[in-house]
Structures are given as C-alpha cells and as structure tokens.
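# Descriptive analysis of the structure
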Amino acid sequence: TGGTPDTQVGTSCTTGADGQCTRSAGTGTYYWRETAAPAGYDLPDPAVFGPLVLTDGNAPDGVTVTAENTKTSVPTEESTIEVAKTDAKNGKPLAGAVFELWRESNGVAGLQTRPDGTVPPDTRTGPGCSTDPVGSCVFDELPLGTYYLLETAVPEGYVLPENPVNGPFVITEQNAGETVTVKIANKRGEPGKYK
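Residues numbered from 1 in each chain as written. Predicted model: local features only at pLDDT ≥ 70, side-chain atom pairs only at ≥ 80, totals over all residues. Heavy atoms only, no water.

Let us now look at the pattern of salt bridges. Enumeration over the complete set of coordinates arrives at three salt bridges. Of the charged contacts in the structure, one is a salt bridge between Asp87 and Arg188, with a shortest N-O distance of 3.5 Å. Note that Asp87 is positioned in strand β5 (residues 79-87) and Arg188 in strand β13 (residues 179-188), a separation of 101 residues in sequence. Accessibility expressed as a relative area gives 26% for Arg188, which makes it partly exposed. Arg124 is paired through a salt bridge with Glu100; the nearest N and O atoms lie 3.3 Å apart. Remark: Glu100 occurs in strand β6 (residues 98-103) and Arg124 occurs in strand β7 (residues 123-124); sequence separation between them is 24 residues. Judged by relative accessible area, Arg124 falls into the partly exposed class, the value being 39%. Among the residues examined, Glu100 registers a relative accessible area of 15% and is labelled buried. (Salt bridge = Lys/Arg side-chain N within 4 Å of Asp/Glu carboxyl O. Helix = DSSP H or I, 4+ residues; strand = E, 2+ residues; numbered from the N terminus. Buried < 20%, exposed > 50% of the residue type's maximum accessible area, 1.4 Å probe, protein only.)

Set out below in structure tokens:
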C-alpha cells in the first residue's frame, strides 16, 4: 500500500478441495494475501503470508507457504431468521414465496451470488425455503455472521420486488439465540385484482 504499492499478480484465487491456491510467476519476492475466509472461519490477523522468494534454483519446484484459519467461535445458542410474507395491499399471509439464505463470506459489502472474476460469491446456507399457509419461512440453527435473504419465486399472480435481496441481518454474540423476523410484502402482477 502507500505511494509505491506492491503489484498484484493475476486475479484472485479460491482454494479448492485440496486447500491450495497456485500461481505461476517469474523470479522475485511474493506474498499471498487472504481476502475472504471460508464460512465458519475467521480471517487471520495479519492476513498476509510470505515472503516467498522465487529464484532460478527453486523455480522448478516452486515455493510454498501455509496459511492457517481458525474456526469462528460459535455461541451455545444458535439463531433463527424468519420470513413473514404478506400481500402488499391487504396484509394477508402469502404461501408459496421461495427464499434462499446467503451468508456474507467474501468480504465485499452486499450479496454476491456468482463469481465475477474479482471476488468469489458469498456462501449459500442450507436449502431454499417456501412460505407456508401462514406466510412463514424459517432458517434456523444459524451461527454468528451476516446474512442476506434472496427471494427467488413468488406465488402465482404476484411479482418479485425490484430488489429481491433483503438484509444484511447480523447475528452477534449479543443477539445470538434470538429470532429475527423479516416482514416482506409482494404486489400483485395485475392491478385491480386484489381481493
């Protein structure tokens, strides 16, 4: 950082099932910087590993550094996020709206559901959930973290909101064990057909 920063080499790299990230580079001195930890783990402090000095002599084998993450401490009480889905005009409960819950995991504000070449997506948490006859959809047993609700389908005759993302909802040690209720209303797709 500063007036003469170091140079980033290539795009971001996400560790695979083997836990490794690999880059090819010319001789020189390098550092790995971890920008997002896996779900359930904390970023180390500092999150920079190295230096790795690549020379003509060690270039055929390459150089390696180990970066260790520790699990995020989880309170004994886990939390719940509940959707309360209603008709925007008459307030009646709506069944059949479908939601996904995503956990903030890539260190970038807002919800990202697909890699864009610079950052990996956030982490989807569990299966989707459809609201029941009383308009309720529950995601439970949630550890500490920041979450987003993504509405993916609506009941017949209704339309998705312009922004189908709700959140962020932050679960901390202070509010762990509580239920966060999110009230979301849908508008009808065709005006004049409210009952």
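What follows continues from the structure just given.
What follows is about the side chain of Ser79. Relative to the helices and strands, Ser79 resides in strand β5. For Ser79, a relative accessible area of 1% puts it in the buried group. Once residues lying within four places of it in the same chain are set aside, the contact partners of Ser79 are Phe139, Asp140, Glu141, Leu142, Ile171, Asn175, Ala176, Gly177 and Glu178. (Contact = heavy atoms within 4.5 Å.)

Further remarks concern the layout of surface pockets. Quantified by volume, the largest pocket comes out at close to 1,800 Å³. In this structure, the largest pocket is lined by 47 residues; those nearest its centre are Cys13, Cys21, Tyr31, Trp32 and Arg33. Looking at the lining of the largest pocket, the elements with two or more residues in it are β1 (28-33) and β3 (48-54). Of the residues assigned to the lining of the largest pocket, the class counts are 22 nonpolar, 20 polar and five charged. A volume near 240 Å³ is recorded for the second largest pocket. For the second largest pocket, the lining is made up of 16 residues, of which Tyr41, Asp42, Arg103, Glu104 and Ser105 are closest to its centre. When contributions to the lining of the second largest pocket are tallied by element, the ones reaching two or more residues are β2 (41-42) and β10 (145-153). (1 Å grid on protein atoms, 1.4 Å probe; cavity = no way out; pocket = protein on both sides within 12 Å on 5 of 7 lines; lining within 4 Å. Points joined across faces, edges and corners; volume = space filled by probe spheres on them. Nonpolar A, V, L, I, M, F, W, Y, C, P; charged D, E, K, R; others polar.)

Okay, the nonpolar core next. Among the nonpolar cores identified, the biggest contains 17 residues, and Ile81, Phe99, Leu101, Phe139, Leu142 and Leu149 are the most heavily contacted of them. Mapped onto this core, the elements with two or more residues apiece are β5, β6, β9 (136-142), β10, β12 (165-171) and β13. Beyond its immediate chain neighbours, meaning those up to four positions away, Phe139 contacts Ser79, Thr80, Ile81, Phe99, Glu100, Leu101, Pro127, Cys129 and Leu149. (Core = buried A, V, L, I, M, F, W, Y, C linked by side-chain atoms within 4.5 Å.)

Further remarks concern the state of the cysteines. Within this structure, the stated rule accounts for one disulfide. The partner cysteine of Cys129 in its disulfide is Cys137, sulfur to sulfur 2.1 Å. On the basis of relative accessibility, which here comes to 14%, the residue Cys129 falls in the buried class. The class for Cys137 is buried, based on a relative accessible area of 1%. (Disulfide = S-S within 2.5 Å.)

The next thing to look at is the side chain of Gln112. Topologically, Gln112 is positioned in the loop between β6 and β7. A distance of 3.1 Å separates a polar atom in the side chain of Gln112 from the backbone oxygen of Ala109. In this structure, Gln112 is in contact with Trp102, Asn106, Pro121 and Asp122, ignoring residues within four places of it in sequence. (Polar contact = N/O pair within 3.5 Å; in protein donor to acceptor, adjacent residues only side chain to side chain.)

As judged from the six bridges shared by β6 and β10, these two strands associate in the antiparallel manner. If you follow Trp102 over to β10, its bridge partner there is Tyr148. Note: β10 against β12, five bridges, orientation antiparallel. For Gly145, the partnering residue across the bridge sits in β12 and is Ile171. (Pairing = 2+ DSSP bridges.)

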